[in-house]
Amino acid sequence: MPLHGQAAVDQLLEILDLKQVDAATFVGESPQTGAQRVFGGQVAGQALVAAGRTVDPSRLVHSLHGYFVRPGDPTEPIQFTVETIRDGRSFSVRRSTAQQHGRTIFFMSASFQVREEGLDHYLPAPVDVPGPDEVPTMADWVRKYPSRAGIFASSPQAIDVRYVGVPGWVPPGDRGASEQQRVWMRINGTLPDDPLIHACALAYASDLSLLDSVLSAHGEVWGPGGVIGASLDHALWLHRPFRADEWFLYDCTSPSASGSRGLATGRMFTRDGTHIASAVQEGLLRRVGERR
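Residues numbered from 1 in each chain as written. Predicted model: local features only at pLDDT ≥ 70, side-chain atom pairs only at ≥ 80, totals over all residues. Heavy atoms only, no water.

- In the annotation of an unreviewed UniProt entry, the chain is listed under the name Acyl-CoA thioesterase 2 and assigned to Paractinoplanes toevensis.
- Reading the Sequence similarities (unreviewed entry) entry of the UniProt record for the chain gives the comment "Belongs to the C/M/P thioester hydrolase family."
- Under the heading Catalytic activity (unreviewed entry), UniProt records this for the chain: "a fatty acyl-CoA + H2O = a fatty acid + CoA + H(+)". (UniProt positions renumbered as here; feature names shortened; annotations may be inferred.)

Right, dumping it as structure tokens:
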């Protein structure tokens, strides 16, 4: 049976706890779930861990921009090399590169800032959204569609994911078109207080359902009878303090899709409506059976 709750969270923490080889080199592992490629959120979170370990802990990550270059092999370790781009009075910038078999699979730039006070505003959170206790759990969806559950039914459940609407992996025809893809999420256990760990956990979670909003705009689904896809790039901005082990609403939309690519944007809000983070991602989306 796949791990759930704190046991799954502890495994996630082990995955994020990279082995340090030298001042700028780290090695990470992947969970053995039977997946054919490394989950994008995992390698992004690990790359951020590597970058963050080379920065003064008083400087907090506020943005990251990454590109997925090649699919990662989950059976092989991933080597992360961190380049110091700048250490200024207020900001530190790092470039973190992930490699397997001598080839780059992902690279990312991340910026860290000392705590400062300044102007503060944000657009309000969506209203009249059912809370996480009012929508189905992932287990509810798996029971309803066991033949479509796929990796969800066999992977460790370190993140509690609760769709406000219909997930993108239901059978074709069971999902109507919607401009919004809204999901409640939280780490399904307790994390240490280290802000870097919470940022890395949020980076991990931010890749879980973002591209789903592209399919949602068309009432499309993943898998047989639908679409296959892969992340091309990912950007995340962290606006305010948060805990990734407390509920946040991931409010996602897709402003454009063309050329077999889809663009998705997401905003993350705490239960009291505080805007904690924003994400943007472009993905490759093709009909199942198409070959290029």
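Looking at the environment of Ala 8
Piece 1. For Ala 8, the position within the fold is in helix α1 (residues 5-16).
Piece 2. Sequence spacing of Ala 8 and Ala 264 is 256 residues, and the spatial spacing of their C-alpha atoms is 28 Å.
Piece 3. With near-sequence residues (within four places) excluded, Ala 8 lies in contact with Leu 3, Pro 156, Gln 157 and Ala 158. (Helix = DSSP H or I, 4+ residues; strand = E, 2+ residues; numbered from the N terminus. Contact = heavy atoms within 4.5 Å.)

So, the state of the cysteines
Piece 1. Counted according to the given criterion, the structure contains 0 disulfides.
Piece 2. Cys 200 takes part in no disulfide bond, and the closest cysteine sulfur to it belongs to Cys 252, at a distance of 20 Å.
Piece 3. Given the relative accessible area of 0%, Cys 200 is considered buried.
Piece 4. The exposure class assigned to Cys 252 is buried, which follows from its relative accessible area of 0%. (Disulfide = S-S within 2.5 Å. Buried < 20%, exposed > 50% of the residue type's maximum accessible area, 1.4 Å probe, protein only.)

Considering the pairing of strand β7 (residues 159-163)
Piece 1. Counting buried residues along β7, 5 of its 5 residues qualify, which places the element largely inside the surrounding structure.
Piece 2. The side-chain alternation of β7 yields two buried faces, one formed by Ile 159, Val 161 and Tyr 163 and the other by Asp 160 and Arg 162.
Piece 3. Where β7 meets strand β8 (residues 181-187), 5 bridges bridge the pair, whose relative direction is antiparallel. Across the sheet, residue Val 161 finds its bridge partner in β8, namely Met 185. (Pairing = 2+ DSSP bridges.)

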